[in-house]
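Listed here are the chains, written in short residue letters.
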Amino acid sequence: MLRLLLYVLSLFITRRTLLYLHNFFTSILKPITNLIAKIMPNQSDDHNSDPPPPPFDPSKPSIPISYPIHSLEDLDSASYFTSFHYAFNKSTVPLHPPNSALPPRPRLLVCHDMQGGYVDDKWIQGGHNSGAYAIWHWYLIDVFVYFSHNLVTLPPPCWTNTAHRHGVKVLGTFITEWDEGAAICKKLLSTKESAHKYAERLAELAVALGFDGWLLNLEVKVDIGQIPNLKEFVSHLTQTMHSSLPGSLVIWYDSVTIDGELSWQNQLNEKNKPFFDISDGIFINYTWKEDYPKLSARVAGDRKFDVYMGIDVFGRGTFGGGQWTTNVALDVIKKDDVSAAVFAPGWVYETKQPPDFQTAQNRWWALVEKSWGIVQNYPKVLPFYSNFDQGRGNHISIDGAQVLSTQWNNISSQSFQPFLEYVDDPTSNTIDVRVDRKEVSFSGGGNLTFKGTLEANAYVSTRLFLGELFMGGLPVRFTYSVKSEGNSQLGLSLEFSSEMEGKKKLLLASQETNQFSSKFNETIVLHQPTKSDTAPGWVIQESNISMNGYTLTEIRAICYRKQPENSEHKSEARSKTTQDPAEYFAVLGHISISTSIQNTEFPPSTSWIVEGKDVEWGGSQGSKTLSLKISWKLKDGCSSRFPRFNIYVEKLIKQAVRPQGRKLETPALAPRNARNGKTEVAGEYLGESQVEAFYISDFIIPSAISSLKYIIQPCDSGGASQVLDDAPFFQFNVEGQ
C-alpha cells in the first residue's frame, strides 16, 4: 500500500519532496499496519491459499536469470561468483573500439528505469513475451545505465551485448536510499579500508561481467565525519576501474553534497564539484533551470562534456516537462554545449502511449534525433551483418527456414538496427517502411517491409545505415536477401567518399536499368540471383565491389518497379500513363558485408568437448521431464570466436521390432533418416546462447524416446552458421533413467 501510494505521488512531485513525504507517511501508516496485522487472522492458516514460493537460491541450478545484489554482506562475500547463474550473466560482445574514451562533444546518456528493472530482460536465455520492452535507437546513445532501486544493480547481459554491438558503454548502478541506505553507507564508510574494499568488489563485478562502470547514487544524508571516506570510495572505484578496464566510467549522481547533506543542487557547483573532480562525470538532478547548463559548463571548464544534465521523461518536476516535450530540455542542453542524461525512456512503454509501442517509441526517439542528432555510425568494421531483429518477435527463422513459431524475447539477439527516419504522417509517403515482426523473416524474428504504391518510373529511397567503413585493397562482398511481389524491385544505394576523389554513389540492382541512372555514378548488376531450396520466395543478391581508398558513408534501400525488357513492351508502356501508381511490396531479410578472406571455417564436431551436468529428472507416470546444463569448449583450449550458438534437440526413437507379416506403424514423430537401428527425427529448436552453456528446464520426454541428441550450432558474426550434421553435440541416454 505504501509503495503504491508513493509511486502515484512520484508522478507529480520532485524527488526531494518524495523523500520528505516518505518519512511522514511511514510514521503515520506503520502503526496502522501493525494494528491491522493484530486484528486480521493469519492468512497462512487458510488451507485454501497457496504456500509461498521458496526463497531464491542462486546456488541451485535453475533457468538462468539476472539479479541484483541486495546487501553489503553479499557484495563482500563475493558469493555472486559462485552462483549457478554467474557464468550465464557474462557479456560476450566486446565494445568497439575497445578501451576507447568518450568523444569530446556533447553526449547522450540514457538511464533505464523500466518497471523497477529485471522484468522480461532478466531471462538470459530469452522469455516468451513478444511485446517485451526494448530499445533499438542505439545510434542516438553514448552511454546506457541499467537502473533499479536495489543496492547493486548488475546489467542483464542482453543489454550489455546489444549496447556494445552498437558502440554504447554500459554502467551498473550502486544506490543507497531511505533508512536502510543510511545504515549501509555508515558501514561502507566506517573506515578508509572499508571504502576501498567495497570499491574493489564493485570493480571486480564490472570487469568479470563485461560492463563498463558504475553510476553512484547515494540518496541519503552522510555524517560529515565520513565524507573523507566517501571521497576515498569514489576516487578508489574510479582509479580501480580505469586500471582494470581502460575506457571505463564512474559517474556521480547529484545528491549528497560535500557537507554530507542530501541536497540536490540541479547544477555543478562548489557543493558537488569535489565528487565530480574525482570521477568521470556527474549526473545532474532533473529540476534545473534554464541557465543551469551554462553555469555548470562554466564551473566544469574543459570537462564540460562530463556534465550530464538530467531529464526525467515522466516529467516529475523536470525542465521542459519530459514526455513528448523532452526535446525542449535537450535543445537547451545542446545549445549550452554540455551533455544530457535521459532518465526512464520506458515512459512510452509503461504509460502505453498510443497507438502502439512500436510507433510511439519511434516517434519519441525521432524527437531526440531531431534535437540531438546521430552520435553512432555503422558499419565501421567488417564483417557487418544485420537481419533487423529487435530482440523480440512471433517467430524465428534461420537462413529462410522457420524454426520457431511462438512468441519470444531476447535483447541479446538484436542485430545492428537501421537508422529509419520516422514519418509522422505515413500518407505523405508512397512507401511505408518498418521493422516487421509479423512477416516471415529470412533470419531471426524481424525484417524490413516496404509496402505501398509506386509510380512506374519513380523510385523511393530509404536511409538504412550511416557508416564509417574504410574500404581497403580487397574486394568487399555485399549480400542481401529479398522477397517481393509482382514487379516490385529492391536495390541498395551505396554512397562513398574520398578526400581525393569526393563522393560516389553506386546502385546495386538485379538488372540493368536506366530509370534513374543520372542519380548514380554507376549501376552494378548483382550476380545471377539464386533461390534457396530451404527458403521459398527469398532471392539472395550478391556482388563484389572494389573501392580502395574510399569510405562507405551511407546505405539506402531503393524501391522501384521492374521495367519491360523487350522493345515492344517498352513501347506499350510508354504509350500508357506512366504516372499510374501500382501496388508495391518487398521485404529485405538481411544485409551482409564482408571480404573474401572472412569466410568462416567452422571446427568439426570432434574439435569440441561437450558435457552435460546438473541432471534432474521429474514428471509423472507415462512421461518424464529432464533438466540439465550443457556446456562446451574447444579441445585446444582457445577461446571460442563464435558470438552465438543455436541449440537444437533431436529425439531418437528406438526402432521397434516388426512382427512377421505385420507392417510397422508410422512413428508419431516424422523420421529424418535411420541410423544404427534408431530412427532420427528432425531437430527441435530450443533457443540460442551467447555463452558456451545452455540450461534445459523441465523438457518433456515422450515415452517412445530412447535418447536425446543436443546439437550446438556455432554462428559467426557475419550471419553464417555451421551445417547441423557437422556441429558439436551431446547425446543423452533416456532409457534406464
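Residues numbered from 1 in each chain as written. Predicted model: local features only at pLDDT ≥ 70, side-chain atom pairs only at ≥ 80, totals over all residues. Heavy atoms only, no water.

Going by the annotation in an unreviewed UniProt entry, the name recorded for the chain is mannosyl-glycoprotein endo-beta-N-acetylglucosaminidase, with Gossypium gossypioides given as the source organism. According to UniProt, the comment filed for the chain under the heading Catalytic activity (unreviewed entry) is "an N(4)-(oligosaccharide-(1->3)-[oligosaccharide-(1->6)]-beta-D-Man-(1->4)-beta-D-GlcNAc-(1->4)-alpha-D-GlcNAc)-L-asparaginyl-[protein] + H2O = an oligosaccharide-(1->3)-[oligosaccharide-(1->6)]-beta-D-Man-(1->4)-D-GlcNAc + N(4)-(N-acetyl-beta-D-glucosaminyl)-L-asparaginyl-[protein]". (UniProt positions renumbered as here; feature names shortened; annotations may be inferred.)

## A few points about the overall build of the chain
A count of helical and extended segments in the chain gives 13 helices and 34 strands. When the 737 residues of the chain are sorted by exposure, 52% land in the buried category. (Helix = DSSP H or I, 4+ residues; strand = E, 2+ residues; numbered from the N terminus. Buried < 20%, exposed > 50% of the residue type's maximum accessible area, 1.4 Å probe, protein only.)

## Some words on the environment of glycine 612
Tracing the sequence through the fold places glycine 612 in strand S26 (residues 608-618). Overall, glycine 612 belongs to the partly exposed group, its relative accessible area being 27%. Separated by 83 residues in sequence, glycine 612 and tyrosine 695 place their C-alpha atoms 9.6 Å apart.

## Remarks on the confidence of the model for the chain
For the chain, per-residue confidence averages 87 on the pLDDT scale, and 85% of positions sit at 70 or higher. Counted against residues more than four places away or in other chains, residues 1-48, with its pLDDT under 50, gives 38 contacts. Counting contacts from residues 573-578, a segment whose pLDDT is below 50, to residues more than four positions away or on other chains yields 5 contacts. (pLDDT = per-residue confidence, 0-100. Contact = heavy atoms within 4.5 Å.)

## Some details on the packing of aromatic side chains
For any pair of aromatic rings, the description rests on two quantities: the centre-to-centre distance and the angle between the ring planes. Counted according to the given criterion, the structure contains 45 aromatic pairs. Arranged with centres 6.2 Å apart and planes meeting at 75°, the rings of tyrosine 80 and tyrosine 86 form a pair that is edge-to-face. Each member of the pair, tyrosine 80 together with tyrosine 86, is buried. Arranged with centres 5.4 Å apart and planes meeting at 20°, the rings of phenylalanine 602 and phenylalanine 642 form a pair that is stacked. With phenylalanine 602 in the loop between strand S25 (581-595) and S26 and phenylalanine 642 in the loop between strand S27 (624-634) and strand S28 (644-654), the pair connects residues that are 40 residues apart, well separated along the chain. The class of phenylalanine 642 is buried, set by a relative accessible area of 5%. (Phe/Tyr/Trp six-rings, centres within 6.5 Å; stacked < 30°, edge-to-face > 60°.)

## Brief notes about the packing of helix H6 (residues 192-209) against helix H7 (residues 227-244)
Running from N to C, H6 and H7 point in directions that differ by 35°, and their axes come no closer than 8 Å. The two elements H6 and H7 meet at a crossing, and its hand is right-handed. Contacts between H6 and H7 involve Lys192, Ala195, His196, Tyr198, Ala199, Glu200, Leu202, Ala203, Ala206 and Val207 from the former and Asn229, Glu232, Phe233, His236, Leu237, Thr240, Met241 and Ser244 from the latter. (Axes fitted to C-alpha atoms, helices over the stretch in contact; angles between N-to-C directions. Left-handed = near helix turned anticlockwise from the far one by under 90°.)

## So, helix H4 (residues 157-165)
By the criterion of burial, H4 is predominantly enclosed, with 8 of the 9 residues buried. Listed in full, the buried residues belonging to H4 are Pro157, Cys158, Trp159, Thr160, Asn161, Thr162, Ala163 and His164. Directly after H4, the chain includes glycine 167, whose backbone phi takes a positive value near 85°.

## Focus: helix H9 (residues 292-300)
Here H9 has its buried residues at Tyr292, Pro293, Ser296, Ala297 and Ala300. Along the axis of H9, the buried residues cluster in a sector spanning 135°; they form a single face. Buried residues belonging to H9 abut helix H8 (273-277), strand S8 (307-312) and helix H10 (326-335). Glycine 301 sits one or two residues past H9 and shows a positive phi near 65°. (Arc of directions from axis to C-beta.)

## Section: the sheet that holds strand S32 (residues 693-701)
Taken in spatial order, the 3 strands line up as S26-S27-S32 in an open sheet, and their pairing is antiparallel. In this open sheet, the two strands that pair with only one neighbour each are S26 and S32. With direction set aside, neighbouring strand axes in the sheet form an average angle of 20°. Here S27 runs beside S32; their pairing, made up of 7 bridges, is antiparallel. Paired with lysine 624 across the strands is isoleucine 701, a residue of S32. (Pairing = 2+ DSSP bridges.)

## Describing the nonpolar core
Residues Trp214 and Phe233 are the most contacted members of the largest nonpolar core, which totals 152 residues. With 8 residues, the single largest contributor to this core is H6. Split by domain, the residues of this core number at least three in each of domain 1 (106-117 + 135-372) and domain 2 (384-562 + 581-594). Once residues within four sequence positions are removed from consideration, phenylalanine 233 is found in contact with Phe174, Leu188, Leu189, Ala195, Tyr198, Ala199, Leu202 and Leu216. Trp608, Trp632, Tyr710 and Val734 belong to the second largest nonpolar core, which has 23 residues in total. (Core = buried A, V, L, I, M, F, W, Y, C linked by side-chain atoms within 4.5 Å. Domains from an automatic or database assignment.)

## Considering the sheet that holds strand S19 (residues 488-498)
The 5 strands are arranged S17-S24-S19-S20-S21 in an open sheet whose pairing can be described as mixed. Both edges of this open sheet fall to strand S17 (459-470) and strand S21 (522-525), since each of them pairs with a single strand only. Each strand axis lies, on average, 25° off the axis of its neighbour in the sheet, ignoring direction. Here S17 runs beside strand S24 (residues 551-561); their pairing, made up of 9 bridges, is antiparallel. Its bridge partner lying in S24, phenylalanine 470 is registered against threonine 551.

## Some words on the environment of aspartate 57
Summarising the element assignment, aspartate 57 is placed in the loop between helix H2 (15-39) and helix H3 (72-77). Looking at aspartate 57, the relative accessible area reads 31%, which means it is partly exposed. Between the alpha carbons of aspartate 57 and phenylalanine 84 there is a distance of 9.2 Å; along the sequence they are 27 residues apart.

## Observations concerning empty space enclosed by the protein
Summed over all chains, the structure comprises 4 cavities of 30 Å³ or more. Taken as a whole, the largest cavity holds about 110 Å³ of empty space. Lining the largest cavity are 17 residues; nearest its centre among them are Asp120, Asp121, Ala132, Tyr133 and Ile411. In terms of residue class, the lining of the largest cavity is made up of 9 nonpolar, 5 polar and 3 charged. Composition of the lining of the largest cavity by domain shows at least three residues from each of domain 1 (106-117 + 135-372) and domain 2 (384-562 + 581-594). In this structure, the second largest cavity encloses a volume near 90 Å³. Mapped onto the lining of the second largest cavity, the elements with two or more residues apiece are H4 and strand S31 (684-689). (1 Å grid on protein atoms, 1.4 Å probe; cavity = no way out; pocket = protein on both sides within 12 Å on 5 of 7 lines; lining within 4 Å. Points joined across faces, edges and corners; volume = space filled by probe spheres on them. Nonpolar A, V, L, I, M, F, W, Y, C, P; charged D, E, K, R; others polar.)

## Examining the pairing of strand S1 (residues 108-112)
Taken across its 5 residues, S1 has 5 buried, putting it largely inside the fold. Of the two faces of S1, both are covered, the one formed by Leu108, Val110 and His112 as well as the one formed by Leu109 and Cys111. With 4 bridges connecting them, S1 and strand S9 (residues 339-343) associate as parallel partners. From the neighbouring strand, cysteine 111 faces S9, where its bridge partner is phenylalanine 343. Bridge count between S1 and strand S2 (residues 143-146): 4 bridges; the pairing is parallel.

## Some points on unusual backbone geometry
In this model, histidine 96 is joined to proline 97 through a cis peptide bond whose omega is -5°. Along the polypeptide, proline 97 turns up in the loop between H3 and S1. Cis geometry is found at the peptide bond from leucine 382 to proline 383, where omega equals 0°. Mapped onto the elements, proline 383 comes out in the loop between helix H12 (357-372) and strand S10 (384-386). You will see that aspartate 337, though not glycine, has its phi angle at about 65°, which is positive. Mapped onto the elements of the fold, aspartate 337 is located in the loop between H10 and S9. Unusually for a residue other than glycine, lysine 352 sits at a positive phi of about 50°.

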